[in-house]
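# Structure at a glance
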Amino acid sequence: MAAPRPLRLSKLQQIYTQFLSGEAPHLTSPDGPAGFLADLFCLSFSPAQTEWLSVKLEEAGAERMGGELKDTITLVFTTALRTFRVAGVDDLRKACALETIIIFSRAVLRAGFSSAEIMSILCGGVKSADEVFTDLVAAIDDTLRSDATPPELRHRTLQLALVFVCGIHQGSVGAFFQRRDLFITLTYIISSPPTAPFTFEATLLIGLLSNFHKAEAKHLNRYLQRIKDLVDEEVMRKIIWVAGVAMERCIAAYVDRTPPSGLSTSVTSYLSSWLPAALKPSAPPTVDAPTPIPTASMRDLFKDMPLEPAVILLPLYELLHSNAIFTSLLLSTFSPPASSSPTTASSPSSSPSPPPSAAALLALTSHLLTHASSSARAQSYAHLALACLLALVENDDALDTLCLVRPEKRIQLCRQREPVLPEGREGRPPVEDLLDCAVAGLRWNLAKRLDVGLHLLCVRVVQRVVWYLQDSQIRLEYHWSELWRAVLGLLEFVNARWESLSALKGIGELLEAITFLLISAVRLSEAFLPSPQAYHDLLFHLLRAPSLPSTPLTPAPPSLRALTQLTSALASRLPEEIRDVDDVMRAIADATSSGDLLEGESKPG
């Protein structure tokens, strides 16, 4: 039997095989180095060839890329960049050079090099980096701005920018993207009909650029100020639109793992005509009696979640945190105008009916918080989603909407773990769904290595809502007992494991926040609890708590001392013989009628 014939390499593959073998075919070419490289960029990449070269560079490894292949990579990268900048929009070499830049950039950025090493490998040295990377950012900006450039080429250029900004993390190479303001270019990409399909990538790039050295040099990051000053409502609506589709895609993936999963189409087919493939929703979820999943299998089942489109939460947070107009437009999706209807199948530029993006944010947050313990990645996304909710509740106008609006459809929160929360009533305000998200975070993330930051965010969200409700004199018909159980469950967990948890950063702050929330709820109860019975139920849960923390915090938080005083006073009013819960509730009612349980205490009338 004849041996199989070896695969025949294309001319492009043959050339890069020589380069990666340490040869220098450009030096022996009869056309000279310049002619050889000009001809090289006339060879277009097929998807298979792109994958082949990417694999070959990955196989070469960091040691070879930073050693014997360094000069070759520098030569190919810098020549490709020069070609990309000067070639006309119809010149085949422009697209081929762009693909070359992406392939080599991704390989180097993935290899774990420092910023100085990246500059040395791609640019030939730190001294050359300023010119090379300045030219790179300028080429990206010019290509994205150009209406004469084919949309496909502009899309690929946008992906090049994402490769770099994601790959450099917070390294000094990112400063080159701060020198030149790409914000106007990116909003133009979003607003222009031919490039509207790239709204997801453009929005994500804005979010990534706004986070460059945000903690250390917030006032030097031009993109944070640009987000704050943005007033173009059409751009914001398109961002909200694509964010809603992205979040619904993630929710559908969570629901799909719930046996049985009922899926129905709520995003019409025309949305997919411009949406990037990674975001096309298979079907947004409606839940048909989901079966809660056993805790033992939860982590394995959801360890790869959420899907990649959840990264839209990053720019969403920045916009919610800094731009009141954006927040108002997002919340308006709870009650879209009756006249809104899709008028085109090509893009959202004609103001199609938006997906319920605000509801999707709450639903996705509930899934993220329910499954945050599945992986470190899921935990990070849960933090990000909670930050979005905190940005909402810190805005009084947003809370007005959350308390007053009545969505036409019930928001489908995660119900995949037992015991499930009571089903929300039809027409309830979204603030109740927001509180349910906080309950999920408090309830499902108690672990030996407690995520202090996540629980602190949950408590702050609840505290802010409680304060707003009492300040606005809104008595909310909510299942408050579920919330008190979750908060007290966290308090008991911290108290029982104080010896092992006391070294965690922020644990004292968390304990103080919990006790402050509880004592505030008692003192402010008259203004936000719906009835005396709800107030008695709060006291009953406090009384049932096995013990209050006896931590070595010095000095003890005033809220902890006040809470201890309250529970002691309650316990002293109980009859010696208690037959049932009714006896306890009667004793609580008698104790509260005297009004001296706690100085400054309020009681619903």
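This write-up is about the structure you can find in this document. Fair warning: this is a prediction, and the values are worked out from it, not measured in the lab. (Residues numbered from 1 in each chain as written. Predicted model: local features only at pLDDT ≥ 70, side-chain atom pairs only at ≥ 80, totals over all residues. Heavy atoms only, no water.)

## Observations regarding unusual backbone geometry
This is how it is decided: Think of it this way: any DSSP run of H or I at least four residues long counts as a helix, any run of E at least two long counts as a strand, and we number them from the N terminus. For each residue, the accessible area found with a 1.4 Å probe, counting protein chains only, is set against the maximum for its type, and the residue is called buried under 20%, exposed over 50%, and partly exposed in between.
A cis amide bond links Met305 to the next residue, Pro306, at an omega of 0°. Here Pro306 lies in the loop between helix H14 (295–301) and helix H15 (313–322). Geometrically, the link from Glu418 to Pro419 is a cis peptide bond, its omega value of -5° lying close to zero. One non-glycine residue, Gln473, lies in the positive phi region at around 55°. Assignment of secondary structure puts Gln473 in the loop between helix H21 (452–471) and helix H22 (480–496). Look at Gln473 and you get exposed, because its relative accessible area is 57%.

## Observations regarding the nonpolar core
The nonpolar side chains of soluble globular proteins are, as a tendency, buried together. Counted only if it meets this: Take the buried residues of types Ala, Val, Leu, Ile, Met, Phe, Trp, Tyr and Cys, join any two whose side-chain atoms come within 4.5 Å, and each joined set is a nonpolar core. Any two residues whose heavy atoms approach within 4.5 Å are treated as being in contact.
With 195 residues, the main nonpolar core has Tyr16, Phe133, Phe164, Leu313 and Trp480 as its most contacted residues. Ranked by residues supplied to this core, first place goes to helix H13 (residues 233–256) with 15 residues. Residues contacting Leu313, with those up to four places away along its chain left out, are Met247, Leu361, Leu364, Leu368, Tyr381, Leu384, Ala385 and Cys388.

## Things to note about the packing of aromatic side chains
For clarity, the cut-off: Aromatic rings from Phe, Tyr and Trp, taking only the six-membered ring of Trp, are treated as a pair when their centres fall within 6.5 Å; an angle between ring planes under 30 degrees marks them as stacked, one over 60 as edge-to-face, and anything in between as tilted. Criterion for a charge above a ring: Arg CZ or Lys NZ at most 6 Å from the ring centre, at most 35 degrees from the ring normal.
For the structure shown, the criterion picks out eleven aromatic pairs. Aromatic side chains Phe133 and Phe176 sit 5.4 Å apart centroid to centroid with 50° between the ring planes, which places their arrangement in the tilted category. Taken as a pair, Phe133 in helix H7 (residues 126–145) and Phe176 in helix H9 (residues 176–179) lie far apart in primary sequence, 43 residues in all. Of the residues examined, Phe133 reaches a relative accessible area of 1% and is grouped as buried. Judged by relative accessible area, which is 8%, Phe176 ranks as buried. For the pair Trp480 and Phe528, a centre-to-centre distance of 5.1 Å together with 70° between the ring planes defines the contact as edge-to-face. Here the residue Trp480 occupies a position in helix H22, and Phe528 occupies one in helix H25 (residues 525–528), the gap between them amounting to 48 residues. Of the residues examined, Trp480 reaches a relative accessible area of 3% and is grouped as buried. Among the residues examined, Phe528 registers a relative accessible area of 0% and is labelled buried. Three or more aromatic residues joined by ring pairs make a cluster, and in this case those are Tyr16, Phe19, Phe36, Phe45 and Phe104. Cation over ring: Lys94 sits above Phe84, and NZ or CZ is 4.6 Å from the ring centre.

Take it as geometry only, folks, not as evidence of what the structure does.
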